[in-house]
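Chain by chain, the residues run as shown.
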Amino acid sequence: MLKVNFENSTINEEERRVFAEQLKSAHEQLHNGTGEGADFLGWLNLRIQDDELNQIKVAANKIKEISDVLIVIGIGGSYLGARAVIDALSKNFGDKKVLFAGNNLSADYLNDLIDYIDDKRVCLNVISKSGTTIEPAISFKILREYMEKKYGEDEAKERIFVTTDKERGVLKEIANQKGYETFVVPDDIGGRYSVFTAVGLLPIAAAGIDIDKLLAGVYAAEERFASLENNPCYEYAVVRNALYKQGKKIELLVNYEPRLHYISEWWKQLYGESEGKDLKGIFPASVDYTTDLHSMGQYVQDGERHLFETVLDVQAPNRDIVLEADENAIDKLGYLNGKTMNEANHSAMQGTVIAHMNGNVPNLLLQIDKLDEENIGELLYFFEKACGISGYILGVNPFNQPGVEAYKKEMFRLLGK
Ligand code: PA5
């Protein structure tokens, strides 16, 4: 179960109480659907119906059976959740069942991917709510043509799965025309809140992860983080707003497990798109420690003091390693004798918290006991709900993203669309 510890946040009770009225109002806006963006609250009390869950599991099993590789084609909210959960719950160097495309416009990336899958059995899951986003549209065009050439139209049809709006958009039209199996992105859930819909669940299940357990974690979190009082999720929202008000404009999400890298990427989209508007918002950034202590660590310790850190602490690894002293102490690591790598990792974490606190970087701690489906479900829901509340406290609509249209307008002009 997720535990929070804000003792090192530098924000005291009194400073939190200043937000009591705003928090109450944010809670009411979210739960009564009276705030801005209320058409996009489908994630708040999500329940995936049995028939949909069954369709996802049947398709995932089929994908596992007929392919070596599933290529998920999507960008932003249409791929980051799946990638985050799959990475967090898979071995670091396991055979990669799920690969990603359509999240860039690089010709080299797509060509290299096509080379890589040449001798492999392939399925595609193209995901786009709008059905018109250019990155996945181009990758899907190329990969669809590749699949039709490799398998012929009839077999390709069995290997292509489409997740999109229930009735609108070019992708839906293509799926109808070609006869692909389709999954629905609900109208009332925006991309960055969609990981626990078919958008995330199909690739996650195809990667061999237990989606029943993942959803159990989400549903338990919905209950645990439902009330206004004693809600750790709300405490996080308040503390980060209090820090922002004191000039801490950058939040670094910190992990000490390489498997959490994409949780940070997902989190950056969630908070960046939800809060970065109307010339406001904490800039969400991330670091992978201890790796980045040897690069960004210098700035965090001594650079401009506009940062705070939120540390994800996974208390136990799946498998630890005990360090034994070398007989001749040739490596000078005798002081580690009998200790585990996890102890070393946690000493690094605790030492870093102390050093950064001394350097005026407030630290927020989010702890889970281990990386499993329930904990990841709970953690991601925690972040989603805290984000909605935090956005309302900040006074923005946390569920739109008008700013992402600007580059598209210029790009389409240059491309002569
Ligand atoms: O959060 C969002 O809405 C965006 O990041 C979208 O997920 C992203 O732009 C992809 O959009 P679409 O699913 O329509 O292709």
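Residues numbered from 1 in each chain as written. Predicted model: local features only at pLDDT ≥ 70, side-chain atom pairs only at ≥ 80, totals over all residues. Heavy atoms only, no water.

Participant: Which parts of the structure should I look at to understand helix α5 (residues 107-116)?
Facilitator: Note that an α-helix has 3.6 residues per turn; residues three or four places apart therefore point the same way. All of the buried residues in α5 are L110, L113 and I114. Taken end-on, α5 shows its buried residues confined to a sector of 100°, consistent with a single buried face. Residues of α5 that are exposed and angled more than 90 degrees away from the buried face: D108 and D115. The inward-facing, buried residues of α5 contact β2 (69-73), β3 (98-101) and α6 (134-159). Measuring from the side-chain oxygen of the N-cap residue of α5 to the backbone nitrogen of D108 gives 3.4 Å; that N-cap residue is S106. (Buried < 20%, exposed > 50% of the residue type's maximum accessible area, 1.4 Å probe, protein only. Helix = DSSP H or I, 4+ residues; strand = E, 2+ residues; numbered from the N terminus. Arc of directions from axis to C-beta. Contact = heavy atoms within 4.5 Å. Polar contact = N/O pair within 3.5 Å; in protein donor to acceptor, adjacent residues only side chain to side chain.)

Participant: Teacher, can you tell me more about the pattern of salt bridges here?
Facilitator: Oppositely charged side chains can pair when the atoms bearing their charge come close. Evaluated as defined, the whole model comprises 23 salt bridges. R121 is the salt-bridge partner of D68, the closest N and O atoms lying 3.1 Å from each other. Note that D68 is positioned in the loop between α3 (50-66) and β2 and R121 in the loop between α5 and β4 (122-128), a separation of 53 residues in sequence. We classify D68 as partly exposed; its relative accessible area is 34%. By relative accessible area, R121 is classed as partly exposed at 36%. One network of salt bridges, in which partners are shared, links D165, K166, R168 and D187. (Salt bridge = Lys/Arg side-chain N within 4 Å of Asp/Glu carboxyl O.)

Participant: It is not clear to me how the domain arrangement of the protein chain should be interpreted in this structure. Could you clarify?
Facilitator: Many authors give the size of an interface as the accessible area that is lost as the parts come together. Under the domain assignment, the protein chain is made up of domain 1 (3-35 + 215-394) and domain 2 (50-209). Averaged C-alpha coordinates put domain 1 and domain 2 at centres separated by 30 Å. Every contact between the two is made by 25 residues of domain 1 and, on the other side, 21 residues of domain 2. At the surface where domain 1 touches domain 2, the tally comes to 1 salt bridge. The salt bridge partner of E273 is R192, with a shortest N-O separation of 3.0 Å. Where domain 1 packs against domain 2, one counts 6 residue pairs in polar contact (both at pLDDT 80 or more). Taken together, the residues of the side of domain 1 that touches domain 2 sort by class into 13 nonpolar, 4 polar and 8 charged. (Domains from an automatic or database assignment. Nonpolar A, V, L, I, M, F, W, Y, C, P; charged D, E, K, R; others polar.)

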